[in-house]
Amino acid sequence: MSVMSAIIEEAHRLYLAVSKPNVIVHMASNHHGGSWDRVKRQRRRPFNSVILQEGVIESILQDAQEFFASEAWYTERGIPHRRGYLLYGPPGTGKSILLPTFYAILLIHSFSNSIDDFFLQRAADTIPKNSIFVIEDIDCAIPPSDADENTPEMVHPQMMMRGARRVPNQTRVTLSALLNVIDGLGSEEGRLFFTTTNHIDRLEPALIRPGRIDRKIPYHLATQKQAASLFVHFFPPSSTSSSGSHSELLEDGTKATHDTQEAQLSETFASRIPSNEFSIAELQGYLLGYKHQPERAAVEFPAWAEREREYKREEQEKGAKKKVSKEITAVKA
Ligand SMILES: Nc1ncnc2c1ncn2[C@@H]1O[C@H](COP(=O)(O)OP(=O)(O)OP(=O)(O)O)[C@@H](O)[C@H]1O
């Protein structure tokens, strides 16, 4: 082996050693007209920290593994070796966090006037091998078909949380360019393509037809079972087993084991969660206020939920008033 190839092999070995526990995230940037030059490394998220309905993660993984193992099958039949997944559902349900469970991803995650057809095509042409291509919030990729010049702005779904700021809707990507990019993904070697949306109903049917999107995976607001899992994730039995403080608060007394106490607390918490009303992100926000107080976290949710509902009602009313006054201004003008 030549010195040079030994060095290359060693560099490769080191790269693998360093990168494995991490996800390498390349983000599309327009510094050089559409390249993947913004790279960050983040810890690979363990699959078991993503709390989805039973079997969802396993089925995606199995599907992806089978896809990578069947390159020859695709080639023999002349079918592009590409597989597309659409993750759709309300904000804060875990669509984005599933992605860093894979090893390397390429991410286009915010569409603005800096992204146009040229940018998109160039980024797609330079996708490194063995990476997963992700377009977040694909409904924001192209302007809505009913947009007119009087629709100067829209709310980016990720901005709909508290403190939301309106952002200009000036994306310059066309549907045909987006379709070309997705169709071109299989032209070299196997590509997994993931995209997410909060609004599946707003997507052009052509964008999600089979062959472009092969699996549509719905995400939902939290069930009681997911709420219980999240609670256990926050307060694993081992983290509090040395502290006996919470045992006094349990109704059935002192004889219960710590594991049983934890299980009881998570059940208590889950029983207070109305199914399909709050997202996991919202429940997580609530639990963060009780990092070291599992007993209080388990029982105080209803009061918090009432305040949240009130807040959302007020926000909705404000939004409705704003819309009416905008319409009045438009009619006057
Ligand atoms: N299913 C879940 N399991 C574990 N944590 C979750 C889950 N859903 C949301 N979270 C937590 O909430 C945060 C937001 O989640 P994420 O960004 O994946 O939501 P999203 O569905 O992509 O939202 P959006 O549609 O607004 O982009 C995450 O950082 C994570 O900590």
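Residues numbered from 1 in each chain as written. Predicted model: local features only at pLDDT ≥ 70, side-chain atom pairs only at ≥ 80, totals over all residues. Heavy atoms only, no water.

Quick notes on the overall build of the protein
Phase 1 of the analysis: Per the secondary structure count, the protein includes 11 helices and 9 strands.
Phase 2 of the analysis: Out of the 333 residues in the protein, the part that is buried amounts to 39%.
Phase 3 of the analysis: Intrachain contacts of the protein at a sequence separation of at least 6 include 73% that bridge at least 24 residues.
Phase 4 of the analysis: About 19000 Å² of surface is accessible on the protein, with carbon and sulfur atoms providing 55% of the total. (Helix = DSSP H or I, 4+ residues; strand = E, 2+ residues; numbered from the N terminus. Buried < 20%, exposed > 50% of the residue type's maximum accessible area, 1.4 Å probe, protein only. Contact = heavy atoms within 4.5 Å. Areas by Shrake-Rupley, 256 points an atom, 1.4 Å probe, with all protein chains shown as cover.)

Concerning the domain arrangement of the protein
Phase 1 of the analysis: Per the domain assignment, the segments making up the protein are domain 1 (3–218) and domain 2 (224–309).
Phase 2 of the analysis: Taken residue by residue, the interface counts 9 residues in domain 1 and 9 residues in domain 2.
Phase 3 of the analysis: Summed over both sides, the interface between domain 1 and domain 2 buries roughly 720 Å², with carbon and sulfur atoms accounting for 52% of that surface.
Phase 4 of the analysis: Our count for the domain 1 to domain 2 interface comes out at 1 salt bridge.
Phase 5 of the analysis: A salt bridge links glutamate 54 to lysine 225; the nearest nitrogen and oxygen atoms lie 2.4 Å apart.
Phase 6 of the analysis: Taken together, the connections running from domain 1 to domain 2 amount to 4 residue pairs in polar contact (both at pLDDT 80 or more).
Phase 7 of the analysis: Of the residues assigned to the side of domain 1 that touches domain 2, the class counts are 3 nonpolar, 4 polar and 2 charged. (Domains from an automatic or database assignment. Buried area = accessible area lost by both parts, 1.4 Å probe. Salt bridge = Lys/Arg side-chain N within 4 Å of Asp/Glu carboxyl O. Polar contact = N/O pair within 3.5 Å; in protein donor to acceptor, adjacent residues only side chain to side chain. Nonpolar A, V, L, I, M, F, W, Y, C, P; charged D, E, K, R; others polar.)

Looking at the site of the ligand
Phase 1 of the analysis: Around the ligand sit 18 residues in total, of which Ile51, Lys95, Ser96, Asn198 and Gln284 are the nearest.
Phase 2 of the analysis: Note that an oxygen atom of the ligand is positioned 2.9 Å from one of the backbone N or O atoms of glycine 92.
Phase 3 of the analysis: A distance of 2.7 Å separates an oxygen atom of the ligand from a polar atom in the side chain of lysine 95.
Phase 4 of the analysis: Of the residues belonging to the shell around the ligand, the class tally is 8 nonpolar, 8 polar and 2 charged.
Phase 5 of the analysis: For the shell around the ligand, the domains that each give at least three residues are domain 1 (3–218) and domain 2 (224–309). (Near = heavy atom within 4 Å.)

A look at the packing of aromatic side chains
Phase 1 of the analysis: Within the structure shown, the criterion is met by 16 aromatic pairs.
Phase 2 of the analysis: Taking the centre distance of 5.6 Å and the plane angle of 75 degrees together, the rings of tryptophan 73 and tyrosine 74 count as edge-to-face.
Phase 3 of the analysis: The class of tryptophan 73 is partly exposed, set by a relative accessible area of 42%.
Phase 4 of the analysis: Relative to phenylalanine 269, the ring of phenylalanine 231 has its centre 5.1 Å away and its plane inclined at 35 degrees; by these criteria the two rings are tilted. One end of the pair, phenylalanine 231, is in helix H6 (residues 224–234); the other, phenylalanine 269, is in helix H8 (residues 258–271), and 38 residues separate them in sequence. With respect to class, phenylalanine 231 is no different from phenylalanine 269; both count as buried.
Phase 5 of the analysis: Taken together, the ring pairs connect Phe231, Phe234, Phe235, Phe269, Phe278, Tyr286, Tyr290, Phe301 and Trp304 into an aromatic cluster. (Phe/Tyr/Trp six-rings, centres within 6.5 Å; stacked < 30°, edge-to-face > 60°.)

Some remarks on the pairing of strand E5 (residues 132–135)
Phase 1 of the analysis: Of the two faces of E5, the one holding Ile132 and Val134 and the one holding Phe133 and Ile135 are both buried throughout.
Phase 2 of the analysis: Pairing analysis gives 4 bridges linking E5 to strand E8 (residues 191–197), with the strands arranged parallel. When the bridges of E8 are listed, valine 134 appears paired with phenylalanine 194. (Pairing = 2+ DSSP bridges.)

Focus: the side chain of serine 266
Phase 1 of the analysis: Turning to its location among the elements, serine 266 is positioned in helix H8.
Phase 2 of the analysis: The residues touching serine 266, leaving out its near neighbours within four places in the chain, are Ala228, Phe231 and Val232.

As for the pattern of salt bridges
Phase 1 of the analysis: All told, the structure shown has 12 salt bridges when counted by the stated rule.
Phase 2 of the analysis: A salt bridge links aspartate 63 to arginine 83; the shortest N-O distance between them is 2.6 Å. One end of the pair, aspartate 63, is in helix H2 (residues 56–69); the other, arginine 83, is in strand E3 (residues 82–88), with 20 residues separating them in the sequence.
Phase 3 of the analysis: Aspartate 63 sits in the buried class, given a relative accessible area of 15%.

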